[in-house]
Amino acid sequence: MKMDNTMFAKFGETYQPGDIIFCEYEPGNDFYILQDGRVKVTKIVSDSEKTLDIFHPGDVFGEMAILEDQPRSATVIAMDKIKVLKFNRQNFNLLLQANPQMAVKLLKIFSNRIYDAKRRLLILTLPDIESKVCDVFLMLAENQGISPKTTEPTTFSSTIQEIANWCGQKPNRVKDVLVHLSNSGKIQLFEDRIIVKNLYEMFRLVRNKRKARSKE
Amino acid sequence: MPGILRNYKAGSVIYFMGDIGDNIYILKSGVVSLIHHSIETGEEVRETINNGEFFGVKSALAKRPREETALVIKDSHALVLTNEEFELLITKNIKIITNFLRVFSNQLRKVGKLVHNFLDHEEVGDNQAELFKIGEYYLKNHSYKQAHYVYNTYLKHYSNGTFAQQAKERLAAVKDALEGKGTGTYTNVLDEGAGPAETGGEEKADAEAVSSEPTEGEENIDVATKYYDAISLFSQERFEEAYKMFKALLSSETLNADAQEYKPKIEFEMGRCLMALQMNKEAVLTFTNMIKKYPKDENVKDALFNIGVVYKQQGNKEKAASFFNKVLRMPPESPIDKKAKKELAGLN
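Read on for a plain summary of the structure.

Reading guide: rules and limits
Residues numbered from 1 in each chain as written. Chains lettered and ligands numbered in written order. Predicted model: local features only at pLDDT ≥ 70, side-chain atom pairs only at ≥ 80, totals over all residues. Heavy atoms only, no water. Helix = DSSP H or I, 4+ residues; strand = E, 2+ residues; numbered from the N terminus. Buried < 20%, exposed > 50% of the residue type's maximum accessible area, 1.4 Å probe, protein only. Contact = heavy atoms within 4.5 Å. Patch = residues over 30% accessible without salt bridge, like charges linked within 9 Å, V, L, I, M, F, W, Y side chains within 5 Å. Areas by Shrake-Rupley, 256 points an atom, 1.4 Å probe, with all protein chains shown as cover. Salt bridge = Lys/Arg side-chain N within 4 Å of Asp/Glu carboxyl O. Lys, Arg positive; Asp, Glu negative; His and termini not counted. Charge placed at Lys NZ, Arg CZ, Asp CG, Glu CD. Axes fitted to C-alpha atoms, helices over the stretch in contact; angles between N-to-C directions. Parallel < 35°, antiparallel > 145°, perpendicular 65-115°, else oblique. Left-handed = near helix turned anticlockwise from the far one by under 90°. Pairing = 2+ DSSP bridges. Buried area = accessible area lost by both parts, 1.4 Å probe. Polar contact = N/O pair within 3.5 Å; in protein donor to acceptor, adjacent residues only side chain to side chain. Nonpolar A, V, L, I, M, F, W, Y, C, P; charged D, E, K, R; others polar. Phe/Tyr/Trp six-rings, centres within 6.5 Å; stacked < 30°, edge-to-face > 60°. Lys NZ or Arg CZ within 6 Å of the ring centre and 35° of its normal. Core = buried A, V, L, I, M, F, W, Y, C linked by side-chain atoms within 4.5 Å.

**Considerations on the overall build of chain B**
Helix and strand content of chain B: 15 helices and 6 strands. Scored against the burial criterion, the 348 residues of chain B give a buried share of 43%. Contacts spanning at least 24 positions in sequence make up 60% of the contacts within chain B whose residues lie at least 6 apart.

Printed below as a string of structure tokens:
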């Protein structure tokens, strides 16, 4: 994503390795286009810092801020000496005019975000926590390009906290469900991963719950 | 204008919900309806496309399945663009992009609101306290640069916030540490923050709220976590380790009053471990004790069933049958009844 120097003079910022660009729970309305170097996206989960993603030049982050006034959902930390362009709702149009390619990229990001949000909504509309947890596995499989109809064991590296976030439940309740699923032999729990033995079984369970709900 | 102009007859379908396709359409003449089911209510929703309007954009851009079926109501003409042609077209016309961004952000906001409505609002927590806690995490891990940023940010947004005083103290300590004055200062300040000597009544209460909350939680989590770990060992078929872990948990002092609810569960699981280890006599004994001690526990029926299974394996049909019958006689109905019936049938 090439920008001329006048753009950088206006909107550019430089950070040193280890600098925080913004942190989890911080209020903020800016979004960023990475020009140079790498940043990591982290979150503190059960008292340890987890890296969710690493971004490279050309990547956009913090873009949700131009839509809503929610605090940041993760922390972004510079891994190298980095250069970013920083925008907000006010100067957003300037960016679009100067860089239509970036605008197309944002359209794609938003399209994907809408799909993700709708998929999450589908999980939340399920009537009970067990089917919600099962549907989270199905969604994670879909995201990895795995068919939810597979009967082969499928490995997931998500944490309990993450699963709980997806289904909007307390981690302890999700844990109970996982224990129950494990006890009935449907999943295997490891420290760093969960193996679902038969995803198709979960697919059928979720489908039936959804059918029952739409009949109500 | 790039793209191909195509004719569509009334009653035909341009694409179906669930189809994968990267074409984007502009309606030139006629009438097209987009049909989808509402996520909230499951009801069918129809939306009419006007001449000159785009459709199929979001799915094509995101390379995801179509969310709706595009049904032709009256004979129509539509311009069909590939993803690339569409990109070329819109980069030359910023107005289209801004329009789409507006449409998409409205949709996203709408879905976001629905998602938010479903979430337990207690979960969201107090952003102010959470932000402060992020600082505490970095401080504890000696990541002074990051802690410095977070405390600064906290004070920028919540200069009169609940933790403002503590944030200021932490910030001073972090600055010392960053300037190489050592970590001694940092510990001191942490003590001061939580101690009664230097802080006033109100602040002290706040400090306690911060420092005592996690510890209280931790004790409960401790039993829950260990129980979960043991279950996890069991699921990995490491039965002996699981058994040892359950046993240690049962006898440990960490099992305080709050964690009593775990006792019947743990004893039941120990029985299952013994069963898996083929230690039949011990398994029956453990289940029997558990049933005696907690006759109203939710796992009692399962325990009775398991005893039946052990007897069956030993070839003691009579005893096995009596336990399966006990399962069936005991209320409430549960999925285990079906299994018990099956086992009973298998005995004869």
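**Quick word on a positive patch on the surface**
Where like charges cluster on the molecular surface, the positive patch consists of Lys149, Arg204, Arg207 and Lys211 of chain A. Relative to the elements of secondary structure, Lys211 of chain A occurs in helix H7 (residues 199-215).

**Section: the packing of helix H13 (residues 300-313) of chain B against helix H15 (residues 335-347) of chain B**
All names here are of chain B. One way to put it is that H13 packs onto H15 with a least axis distance of 11 Å and a crossing angle of 20°. Taken together, the axes of H13 and H15 lie roughly parallel to each other. Taken as a pair, H13 and H15 cross one another with a handedness that is left-handed. Contacts from Lys301, Asp302, Phe305 and Lys312 in H13 reach Ile336, Asp337, Lys339, Ala340, Glu343 and Leu347 in H15.

**Digging into unusual backbone geometry**
Put simply, Pro331 of chain B and Pro332 of chain B share a cis peptide bond, and its omega is -10°. Topologically, Pro332 of chain B is positioned in the loop between helix H14 (317-329) and H15. A positive phi is found at Tyr25 of chain A, a non-glycine position, where the angle reads about 75°. Residue placement: Tyr25 of chain A occurs in the loop between strand E2 (20-22) and strand E3 (31-36). One non-glycine residue, Gln278 of chain B, lies in the positive phi region at around 65°.

**Digging into the sheet that holds strand E9 (residues 154-156) of chain A**
Residue and element names in this part refer to chain A. The strand order across the open sheet formed by 3 strands is E9-E11-E10, and the pairing between neighbours is antiparallel. Looking at strand neighbours, the two that pair on one side only are E9 and strand E10 (187-189), the edges of this open sheet. The mean inter-strand angle of the sheet, taken between neighbouring strand axes irrespective of direction, is 20°.

**What about the interface of chain B and chain A?**
Listed as interface residues are 55 residues of chain B and, on the opposing side, 62 residues of chain A. For the chain B and chain A pair, buried surface summed over both sides reaches about 5,800 Å², with 64% attributable to carbon and sulfur atoms. When the buried area of chain B at its contact with chain A is split by residue, Ile39, Leu108 and Tyr228 of chain B rank highest and sum to 12% of it. Viewed at the interface, chain A and chain B are joined by 4 salt bridges. On inspection of chain B and its partner chain A, the count reaches 18 residue pairs in polar contact (both at pLDDT 80 or more). Ranked by residue count, the leading element in the side of chain B that touches chain A is helix H3 (residues 94-118) of chain B, at 14 residues. A per-class count over the side of chain B that touches chain A returns 27 nonpolar, 13 polar and 15 charged.

**What to know about the packing of aromatic side chains**
All names here are of chain B. Following the criterion strictly, the structure yields 27 aromatic pairs over all chains and no others. Here the aromatic rings of Phe132 and Tyr151 are separated by 5.8 Å at their centres, their planes lie at 55°, and the arrangement is tilted. Separated by 19 residues along the polypeptide, Phe132 in helix H5 (residues 127-140) and Tyr151 in helix H6 (residues 144-157) bring together distant segments of the chain. By relative accessible area, which is 1% here, Phe132 ends up buried. Relative to Phe239, the ring of Phe234 lies with its centre 4.9 Å away and its plane at 65°, an arrangement referred to as edge-to-face. By relative accessible area, Phe234 is classed as buried at 12%. By the ring-pair criterion, three or more aromatic residues cluster together here, those being Phe132, Tyr151, Tyr154, Tyr158 and Phe163. In this arrangement the basic side chain of Lys265 is found over the ring face of Tyr262, its NZ or CZ atom lying 5.1 Å from the centre. Lying over the aromatic face of Phe323, Lys326 brings its terminal NZ or CZ to 4.4 Å of the ring centre.

**Comments concerning the sheet that holds strand E4 (residues 39-45) of chain A**
The strand order across the open sheet formed by 4 strands is E2-E7-E4-E5 (chain A), and the pairing between neighbours is antiparallel. Of all strands in the sheet, those with a lone pairing partner are E2 and strand E5 (48-55) of chain A, marking the two edges. Neighbour to neighbour, the strand axes of the sheet diverge by 35° on average, direction disregarded. Examined bridge by bridge, E4 of chain A and E5 of chain A share 7 bridges and lie antiparallel to one another. If you follow Thr42 of chain A over to E5 of chain A, its bridge partner there is Thr51 of chain A. Strands in contact with H5 of chain B are E2, E4, E5 and strand E7 (75-78) of chain A; relative to E4 of chain A, the strand with the most contacts, it is inclined by about 100°.

**A word on the pairing of strand E4 (residues 44-49) of chain B**
Residue and element names in this part refer to chain B. In the sheet, strand E3 (residues 24-37) pairs with E4 via 6 bridges, with the strands oriented antiparallel. For Ile35, the partnering residue across the bridge sits in E4 and is Arg46. Between the end of E3 and the start of E4, which pair antiparallel, lie 6 residues, with Gly42 showing a positive phi angle near 80°.

**Brief notes about the nonpolar core**
Note on soluble globular proteins: their nonpolar side chains tend to be buried together. Membership of the largest hydrophobic core comes to 72 residues, with the highest contact counts inside it found for Val133, Phe137, Val174 and Leu178 of chain A together with Phe246 of chain B. Among the elements that line this core, the one with the most residues is helix H4 (residues 129-143) of chain A, at 9 residues. Each residue touching Val133 of chain A, except ones within four places of it in the same chain, is listed here: Ile163, Cys167, Val174, Val177, Leu178 and Leu181 of chain A.

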